[in-house]
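# Understanding the architecture of this molecule
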Amino acid sequence: MAMLSVKDLQVYYGMIQAIKGLSFEVNEGEVVALIGANGAGKTTILHTVTGLIPSKEGKIEFQGKDITKAPGHKIVTYGMAHVPEGRRVFANLSVYENLKLGAYTRNDKKEIEDTLKMIYQRFPRLEERKNQMAGTLSGGEQQMLAMGRALMSQPKIILMDEPSMGLSPIFVEEIFKIIQDVAASGTTVLLVEQNAKKALSIANRAYVLETGKIVLEGDANVLMNDESVKKAYLGE
Amino acid sequence: MNLFQSIMEQLLNGLRTGSIYALIALGYSMVYGIAKMINFAHGDVIMVGAYALFMGMTALSLPLPVAIIFTIVVCAVLGIAIEKVAYKPLRNASSLAVLITAIGMSFLLQSLALIIFSATPIPFKSIISMKGIKIAGVDIPGITIITLVVTTAIMVALTLFINKTKAGSAMRAVSEDRGAAALMGINVNRTISMTFAIGSALAAVAGILYICQYQSITPTLGALPGIKAFVAAVLGGIGSIPGAMVGGILLGIVESMSKAYISTELADAIVFGVLVVILLVKPSGLLGKLKAEKV
Ligand SMILES: Nc1ncnc2c1ncn2[C@@H]1O[C@H](COP(=O)(O)OP(=O)(O)OP(=O)(O)O)[C@@H](O)[C@H]1O
Ligand SMILES: [Mg+2]
């Protein structure tokens, strides 16, 4: 059984239908990529899954539990973390405070400290800047903070929305390496990217999204060699 | 009495009134920070607090400490109720709709008080019986001492709460980005309720101190301190906690000095003049941050 399963999802913004009935699955241990052009509906899907916007139709299940109507603040307690588009770190809170908020729903003080140490090991820059306001970090550092903050909840699955957006090539490499590390350490990953090439290179499977519908799905390496994908998303 | 003593006494008067404004201004600023709205009914919470204390002491004949706690609880619950009933349904409405609702809520509270208690002022004997002291020839009344001690303690506690506790950082997170806060597992609705409760509890304390000073209770008693504290909050930088404190105290001092040395009639004009000048120089208020509005 899939870890995360989305069935016949439809989402509206007022009268405008952004998601037009789509289904996808993520299995435990997988890295699944969701690719598509601007405005295809990728962010909308993630927001709906984590309860930030309501769905009109469809069903979302996580580990067999129906979370379609679950409020946003409950989602993280089920083991799902979301690194939102544009990072959305709390700019006027320190790096440390941001990370601590990532563990907001956990009560195990000692283990939280251990997780924090792990995050600092993974992102040494964050430790160096722990007392700095998050708003003063560079874009790449903010992306690391957003990821670290999500990992503080010790999620079973992590949803990432365009983690490479606006970053220099060096940071892009670094971020993708970290995503691979996170996946290798046993966390399932659902990755939304416009950088289709990089996303497909680290994903097991992928879905291609066009104006609210899935038009193609399959193994990442198969999609990478698909002519239409090459033409539309890989710039070849 | 020499000039030094006179100035010191006016300064203390200003500090006393100003610290009451500051308590009220904190409510405006905290609510603005988290709900992005001006709660114009906030001043009337002071009035409800005044009547609650009076009823607690007379009709319910509660001992003073219990009556004070009763007053604070009544106001905190009222704050939560106002938000739930009037503002929460308008979360996604235009700010004009919210503004009008807030003004309507203010009139509603005043009208209810008018119906229940009538317009006749109720005399209120100050509950502060402490004797004043004299330092270097300057008289410091007991009410001033109590007011300053109470407000300082509250402001210190509030600052620690907001900056050092988990609930405090959750509040700051919700002020910045509700969606991202929800992703952390923070219950946004509960955090907003909590903010209204704290703001209203501060207004209750301000109300108690205020009627100890003015010794009379009327349905419109909250209007004047309410509007002054609103000015103070804007002066200090709306949304800023230290700003509300500084703004309130500064406003109290300017007001008291103007009354004493310039003219009682002009005092309010001077206060607003100071506001205009400060906003011209620094549009975000003394300690406010001018944030680029997100698009
Ligand atoms: N708050 C909103 N109100 C109205 N329409 C919206 C809103 N957010 C998104 N949309 C519309 O929904 C569609 C999908 O948007 P979404 O942000 O999910 O796309 P995306 O795939 O994440 O795009 P991008 O790659 O640019 O981030 C778009 O047509 C967009 O204009
Ligand atoms: Mg997007």
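Below you will find a few notes about this structure. (Residues numbered from 1 in each chain as written. Chains lettered and ligands numbered in written order. Predicted model: local features only at pLDDT ≥ 70, side-chain atom pairs only at ≥ 80, totals over all residues. Heavy atoms only, no water.)

### Details of unusual backbone geometry
For glutamate 162 of chain A, which is not a glycine, the phi torsion comes out positive at approximately 50 degrees. Position of glutamate 162 of chain A relative to the elements: it lies in the loop between strand E7 (157-161) and helix H7 (169-184). You will see that serine 61 of chain B, though not glycine, has its phi angle at about 35 degrees, which is positive. Within the secondary structure layout, serine 61 of chain B lies in the loop between helix H2 (42-57) and helix H3 (64-87). (Helix = DSSP H or I, 4+ residues; strand = E, 2+ residues; numbered from the N terminus.)

### Things to note about the nonpolar core
Counting residues in each nonpolar core, the largest one holds 87 residues, and the members touching the most others are Leu26, Tyr87, Ile186 and Ile217 of chain B. The element that contributes the greatest number of residues to this core is helix H8 (residues 188-214) of chain B, accounting for 14 residues. Ignoring sequence-local partners within four residues, the contact set of leucine 26 of chain B consists of Met155, Leu158, Leu202, Ile241, Ala244 and Met245 of chain B. Core analysis: the next-biggest nonpolar cluster, separate from the first, contains 49 residues, Leu116, Phe123, Ala134 and Leu145 of chain A among them. (Core = buried A, V, L, I, M, F, W, Y, C linked by side-chain atoms within 4.5 Å. Buried < 20%, exposed > 50% of the residue type's maximum accessible area, 1.4 Å probe, protein only. Contact = heavy atoms within 4.5 Å.)

### As for the site of ligand 1
Residue and element names in this part refer to chain A. Taken together, 13 residues sit near ligand 1, with Asn38, Lys42, Thr43, Thr44 and Glu85 positioned nearest. Here an oxygen atom of ligand 1 and a backbone polar atom of glycine 39 are 2.8 Å apart. Look at ligand 1: alone it shows 630 Å² of surface, and the protein chains cover 60% of it. Among the elements that take part in the shell around ligand 1, helix H1 (residues 42-49) stands out by supplying three residues, more than any other. (Near = heavy atom within 4 Å. Polar contact = N/O pair within 3.5 Å; in protein donor to acceptor, adjacent residues only side chain to side chain. Areas by Shrake-Rupley, 256 points an atom, 1.4 Å probe, with all protein chains shown as cover.)

### Comments concerning the sheet that holds strand E2 (residues 16-26) of chain A
All names here are of chain A. Spatially, the four strands line up as an open sheet ordered E2-E1-E4-E5, and their pairing is antiparallel. The open sheet has two edge strands with one neighbour each: E2 and strand E5 (65-66). Relative to strand E4 (residues 57-62), strand E1 (residues 4-13) runs antiparallel, the two being bridged by five bridges. Each residue of the ladder has a partner; that of leucine 4, found in E4, is phenylalanine 62. The strands that H1 touches are E1, E2 and E4; relative to E1, the one it contacts most, it runs at about 110 degrees. (Pairing = 2+ DSSP bridges. Axes fitted to C-alpha atoms, helices over the stretch in contact; angles between N-to-C directions.)

### Let's talk about the packing of H3 of chain B against H8 of chain B
A pair of packed helices is captured by two measures, namely the crossing angle of their axes and the spacing between those axes. Residue and element names in this part refer to chain B. Where H3 contacts H8, the axes come no closer than 7 Å and their chain directions differ by 135 degrees. For the element pair H3 / H8, the angle class is oblique. Considering how the two elements wind past one another, H3 and H8 form a crossing that is right-handed. On H8, the residues that touch Ile68, Thr71, Ile72, Cys75, Ala76, Gly79, Ile80, Glu83, Lys84 and Tyr87 of H3 are Ile192, Ser193, Phe196, Ala197, Ser200, Ala201, Ala204, Val205 and Ile208. Residue composition of the contact of H3 with H8, by class: 13 nonpolar, four polar and two charged. (Parallel < 35°, antiparallel > 145°, perpendicular 65-115°, else oblique. Left-handed = near helix turned anticlockwise from the far one by under 90°. Nonpolar A, V, L, I, M, F, W, Y, C, P; charged D, E, K, R; others polar.)

### Quick look at the coordination of the magnesium ion (ligand 2)
Around the magnesium ion (ligand 2), the donor atoms from the protein are Thr43 of chain A (OG1) and Glu85 of chain A (OE), and they sit 1.9 to 2.2 Å away. Remark: glutamate 85 of chain A occurs in the loop between strand E6 (80-83) and helix H3 (95-102) and threonine 43 of chain A occurs in helix H1; sequence separation between them is 42 residues. (Donors = N, O, S within 2.8 Å, 3.2 Å for Na, K, Ca; no water.)

### Focus: the interface of chain B and chain A
Taken residue by residue, the interface counts 18 residues in chain B and 21 residues in chain A. Carbon and sulfur atoms make up 60% of the surface buried where chain B meets chain A, a total of about 1,800 Å² over both sides. Of all residues in chain B, Glu176, Leu183 and Met184 of chain B bury the most surface against chain A, accounting for 38% of the area lost on that side. At the boundary of chain B with chain A, the tally comes to two salt bridges. (Buried area = accessible area lost by both parts, 1.4 Å probe. Salt bridge = Lys/Arg side-chain N within 4 Å of Asp/Glu carboxyl O.)

### Here's the deal with the side chain of serine 153 of chain A
All names here are of chain A. Among the secondary structure elements, serine 153 is positioned in the loop between helix H6 (139-151) and E7. In this structure serine 153 comes out as buried when scored by relative accessible area, which is 11%. Reaching out from serine 153, the side chain makes a polar contact with the backbone oxygen of alanine 150 at a distance of 2.9 Å.

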